[in-house]
Amino acid sequence: MKTYKFMDFCAGIGGGRLGLELNGMECVAHAELDEKTAYVYSQVYNDHNNYGDITKIDKPNLPDLDILIAGFPCQTFSLAGKRAGFEDDRGLIINHLIEILGCKDVPYFILENVKGLVNHDKGRTLKIILSQLYEAGYNTYYKTLNSIDYGVPQMRERVYIVGAKKGLNFNFKFPKSISHNGLEEYLIDENARELPLDDVTFHKYLNNKYNQGKYDLSLILEQDYLVVDTRQSDLRLYKDKCPTLRTGRHGILYVKNGKLKKISALEALLLQGFPMEVALKATKIGVEENKILSMAGNAMTVSVIEHIGRELVNAINSAKAHDEIGEQLCLQI
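Report on the accompanying structure. This is a predicted model, so every value here is computed, not measured.

### Overview of the sheet that holds strand E10 (residues 252-256)
Taken in spatial order, the 5 strands make up an open sheet running E7-E11-E10-E8-E9, and their pairing is antiparallel. Bordering the open sheet on either side are strand E7 (194-195) and strand E9 (235-239), each of which pairs with just one other strand.

Rendered as structure tokens:
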């Protein structure tokens, strides 16, 4: 059976790459602009074939590929950002990806972005993107999926767009949800930093005008694997699940053995579906903890891409089998 080749654009630390490799696909190159993230990627995967800035890539000289995957910049479409959309240069990365699809005649692609893309500018932004892809010769399928429905206990909604060249006998279906294991299999870093129970800042937070009188710390500390999310104002508690990991958001705590601990870089990577051996490698190459936390928050969830990739391969192989049967029938006639 053919080994499908892909290129990992806006690669981050390779969540998309791992998801596709778990389906037997081969990564032929990647493109990541951020120097520190690119360094982590190169060390973890022993892959130094980085094409860097996608806006400056010599597109005709890219490797041939069957699948393009990209978690294109979400800042311009995010609910947490200014939602500038196409008015922000980062929003134009999608145009470069579409140019690459056409230039290299790529048969299939997987794109990922924040849930906010669906309703940005009252849905017009997504409509423009899908229209551009259609004009470039692609039929598309899109759906918002939550990582917690695909094997990890993290609530993380993202929109995924899968496309195939027009004319291909291709019928894609997004994967069905599956169960996940409990947080105790993910929050396992013995070196995760403890928050002192007398931490002045934390107690001020518990007693601010939003939280005062709402929470009993002693009761919180009785519940192992209770996740404590210290948002800007109000505190939120989660049992058996973790809120969305994000770049620059490191204030997520959890209870273990009567202590408050901060989710570590290792644990964040595990919650994003990275295998233990990859997560360990990423955290042992000398990059600061907060940097790895940010990279984890910006990554694609490995398990979601693994399931999408499996359905993509199934759709490709099913189409080929259907075409082969059609050819045989023609020959018999």
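There's plenty left to go through after this.
### Observations regarding the pairing of strand E2 (residues 26-31)
Bridge count for strand E1 (residues 5-9) against E2 is 5 bridges, and the pairing is parallel. Within E2, the position partnered with Phe9 by the bridge is Ala31. Taking the sense of rotation as the criterion, the β-α-β connection linking E1, helix H1 (residues 15-21) and E2 turns out right-handed.

### Considerations on the environment of Gly167
Within the secondary structure, Gly167 is located in the loop between strand E6 (157-165) and E7. When the C-alpha positions of Gly167 and Asn139 are compared, they lie 9.0 Å apart, and in sequence the two are 28 residues distant.

### Observations concerning the pattern of salt bridges
Side-chain pairs of opposite charge can arise whenever the charged atoms involved come near each other. Per the counting criterion, the structure on display carries 14 salt bridges. A salt bridge links Lys104 to Asp64; the shortest N-O distance between them is 3.2 Å. In this pair, Lys104 sits in the loop between helix H3 (93-103) and strand E4 (108-114) while Asp64 sits in the loop between helix H2 (35-45) and strand E3 (67-70), placing the two residues 40 residues apart along the sequence. Salt bridges sharing common partners tie together Arg17, Glu21 and Asp47.

### Focus on the sheet that holds E3
As summarised here, the arrangement of the 6 strands in space is E2-E1-E3-E4-E6-E5, forming an open sheet in which the pairing is mixed. A strand with exactly one partner marks an edge of an open sheet, and here the two such strands are E2 and strand E5 (138-146). Direction aside, the axes of adjacent strands within the sheet are offset by 20° on average. Contacting E1, E3, E4 and E5, H3 crosses the sheet at an angle of about 170° to E3.

### Here's the deal with helix H10 (residues 289-297)
Structurally, the α-helix is built with 3.6 residues per turn, so residues lying three or four positions apart point the same way. Ile292, Leu293, Ser294, Met295, Ala296 and Gly297 are the residues of H10 that are buried. If you follow the buried residues of H10, they end up packed against H2, helix H8 (265-271) and helix H9 (276-282).

### Quick notes on the nonpolar core
Grouped together as the largest cluster of nonpolar side chains are 63 residues, with contacts concentrated most on Val40, Phe170, Phe274 and Leu312. At 8 residues, helix H11 (residues 302-332) tops the list of elements feeding residues into this core. Excluding anything up to four places from it in sequence, Phe170 contacts Tyr108, Tyr141, Val162, Ala164, Leu312, Ala315, Ile316 and Ala319. Listed in part, the 28 residues of the second largest apolar core include Ala29, Ala31, Ile54 and Val106.

### So, unusual backbone geometry
In this model, Asn46 sits at a positive phi of 50°, which is unusual for a non-glycine residue. Residue placement: Asn46 occurs in the loop between H2 and E3. For Asn46, a relative accessible area of 62% puts it in the exposed group.

### Focus on the packing of H3 against helix H5 (residues 124-135)
Packed helices, taken two at a time, are described by their axes: the angle between them and the distance between them. Where H3 meets H5, the closest approach of the two axes is 10 Å, and the angle between their N-to-C directions is 15°. Relative to H5, H3 is oriented roughly parallel. The two elements H3 and H5 cross, and the hand of that crossing is right-handed. Where H3 approaches H5, its residues Ile94, Asn95, Ile98 and Leu101 are matched on the opposing element by Ile129, Gln132 and Leu133. Tallied by class, the residues present in the contact of H3 with H5 amount to 5 nonpolar, 2 polar and no charged.

What counts as what
- Position labels on residues start from 1 in each chain and follow its written sequence.
- Only residues with pLDDT of at least 70 are given local features in this predicted model, and only at 80 or more are side-chain atom pairs given and counted; all residues enter the totals for whole chains, interfaces and linings.
- Just so you know, side-chain values use all the structure's heavy atoms and leave hydrogens and water out.
- Strand pairing is assigned whenever DSSP identifies at least 2 bridges connecting the two strands.
- Secondary structure counts use DSSP, requiring at least four H or I residues in a row for a helix and at least two E residues in a row for a strand, with both numbered from the N terminus.
- A clockwise course of the path from the first strand over the helix to the second, judged with the strands pointing away from the viewer, identifies a crossover as right-handed.
- The salt bridge definition used is simple: a Lys or Arg side-chain nitrogen within 4 Å of an Asp or Glu carboxyl oxygen.
- Helix axes use the C-alpha atoms of the stretch in contact, all axes being lines fitted to C-alpha atoms, and the angles between their N-to-C directions lie in the range 0 to 180 degrees.
- Working rule for contacts: check all heavy atoms of both residues, and any pair within 4.5 Å makes them a contact.
- Accessible area is worked out with a 1.4 Å probe on protein chains only. A residue is then buried under 20% of its type maximum, exposed over 50%, and partly exposed in between.
- Grouping buried Ala, Val, Leu, Ile, Met, Phe, Trp, Tyr and Cys residues that are joined through side-chain atoms within 4.5 Å yields what is termed a nonpolar core.
- These descriptions rest on fixed angle ranges, namely under 35 degrees for roughly parallel, over 145 for roughly antiparallel, 65 to 115 for roughly perpendicular, and the rest for oblique.
- Helix crossings get a hand from a simple test, with the near helix turned counterclockwise from the far one by less than a right angle marking a left-handed crossing and a clockwise turn marking a right-handed one.
- Amino acids outside the nonpolar list (Ala, Val, Leu, Ile, Met, Phe, Trp, Tyr, Cys, Pro) and the charged list (Asp, Glu, Lys, Arg) are all regarded as polar, and Gly is one of them.

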